[in-house]
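Next come the chains, spelled out residue by residue.
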Amino acid sequence: MKVTTFCPSSFPGVNSCFRNLCEVTNFTTHSNEQVVKSDLVILGGWVHEYQTILRDLKKDGVKTAVWFMSSLGQSGFTPQLCEFSFLSTIFQLMDAKLIDFLIVGGRKIYYPLRNLHSNIILLPFPFNYTKYASLRQGKVPWNAVFFSPKNTYKNVVNQLAALALAQQQQPKLDVHINNLTGTGFDHIADLFKLKYSAHGWLPDNEYYGMLSQAACSMQVTYAEVCNYGAMTSMAMGTPTLLSNVVDWLPHTKLNRNLVVGRFDSPEHIAEKILHVSENPEQYADHVQRMIRRVADQHNQAVNHVLKELVE
């Protein structure tokens, strides 16, 4: 049995997912340069060139799937960003028998879509946690890390304001963010008098080193299906604040402290930052065990589902 995946390099999150898939299965290979024919070819995200690729694959009798990794709430209502138009195209190609399966990674997108077509497949996001587990060493300083794409649906403004409010109450809080210069978001930081270190692109060892020594990291978005940044942080033992959009976080007392229900409220996010950052050590082992349990369940399900699709 052989499964191959393909995604253009312009989709870093999708490529990351596919690389994880290869690490947790022994029958999957990935490329972002060419489509390799196999028992099942999975295309990630959506680009219009896929229509030609799918026709060529079907001529050779290959089973095909598209893995749609975005949240419906993440869609924008413009021709360039409207993912609903992409979904409409995918459904048309499924009806034309050019796509066998539409794969989605989160329950909150799976449940509404499963009513629209019979071949919607829920495939939990795979995650290889073992390579991050040993990176956290000793007591961590008062650091908060916020690395996020500059998209508005990532709730950047509210999170920057929250970091500033938390810093006003706890001046020891050092904030590290990615470079937001020239985006308009830097004006928000100036308005709220947020003191921060801005970083450009960092190699993995520096990025993971910073993340593993943080008292708190943040991914409080309102449109996230999986959130690899959060999974990576927690695999290192770094407590990570999330919105309640993420559906894989188990219900435990400590996890409730990590979930930001009112993610449109900077004051509420700031309270969570301060609470978690006061004693991050109590979360370190907990979040690592939790991610290990979640990842094991996801990875087992991934292996089972893919084998069923190929058979």
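Please read these numbers as outputs of a predicted model, since none were measured by experiment.

Asker: Mind showing me how you'd approach the packing of helix α5 (residues 156–169) against helix α10 (residues 266–278) here?
Answerer: In a pair of packed helices, the angle between the axes and the distance between the axes together describe the arrangement. Taken N-terminus to C-terminus, the directions of α5 and α10 make an angle of 55°; their axes are 8 Å apart at the nearest point. As the angle between them shows, α5 and α10 are arranged oblique. Considering how the two elements wind past one another, α5 and α10 form a crossing that is right-handed. Taken together, the residues of α10 that come into contact with α5 (itself represented by Asn158, Ala161, Ala162, Leu163, Leu165, Ala166 and Gln169) are Pro266, Glu267, Ile269, Ala270, Ile273 and Leu274. Here the contact of α5 with α10 is built from residues that sort into ten nonpolar, two polar and one charged.

Asker: What exactly am I supposed to notice about the pattern of salt bridges here?
Answerer: Close approach of charged atoms lets side chains of opposite charge pair. As enumerated under the stated definition, the model contains three salt bridges in all. Residue Lys37 pairs with Asp60 through a salt bridge whose shortest N-O separation is 2.1 Å. Here the residue Lys37 occupies a position in the loop between β2 (28–31) and β3 (40–44), and Asp60 occupies one in the loop between α2 (50–59) and β4 (63–68), the gap between them amounting to 23 residues. When its relative accessible area of 45% is taken as the criterion, Lys37 is described as partly exposed.

Asker: What is the right way to read the nonpolar core from this model?
Answerer: Note that soluble globular proteins tend to have their nonpolar side chains buried in a common cluster. Membership of the largest hydrophobic core comes to 77 residues, with the highest contact counts inside it found for Trp67 and Trp248. With eleven residues, the single largest contributor to this core is helix α11 (residues 281–310). Core analysis: the next-biggest nonpolar cluster, separate from the first, contains 25 residues, Tyr50, Val62, Ile109 and Ile120 among them.

Asker: Could you clarify how one ought to interpret the sheet that holds strand β8 (residues 174–178) in this entry?
Answerer: Strands pair in a sheet through their backbones, by hydrogen bonds, and they do so in one of two ways: parallel or antiparallel. Taken in spatial order, the six strands of this open sheet run β9-β8-β7-β10-β11-β12, and their pairing is parallel. Strand pairing shows two members of the sheet lacking a second neighbour, β9 (196–199) and β12 (259–260), which therefore form its edges. Bridging between strand β11 (residues 240–243) and β12 involves two bridges; their strand directions are parallel. By the bridge assignment for β12, Ser243 is matched with Val260. Packed on one face of the sheet, α5 meets β7 (143–146), β8 and β10 (216–219) and runs near 170° to β7.

Calculation criteria
Residues numbered from 1 in each chain as written. Predicted model: local features only at pLDDT ≥ 70, side-chain atom pairs only at ≥ 80, totals over all residues. Heavy atoms only, no water. Axes fitted to C-alpha atoms, helices over the stretch in contact; angles between N-to-C directions. Helix = DSSP H or I, 4+ residues; strand = E, 2+ residues; numbered from the N terminus. Parallel < 35°, antiparallel > 145°, perpendicular 65-115°, else oblique. Left-handed = near helix turned anticlockwise from the far one by under 90°. Contact = heavy atoms within 4.5 Å. Nonpolar A, V, L, I, M, F, W, Y, C, P; charged D, E, K, R; others polar. Salt bridge = Lys/Arg side-chain N within 4 Å of Asp/Glu carboxyl O. Buried < 20%, exposed > 50% of the residue type's maximum accessible area, 1.4 Å probe, protein only. Core = buried A, V, L, I, M, F, W, Y, C linked by side-chain atoms within 4.5 Å. Pairing = 2+ DSSP bridges.

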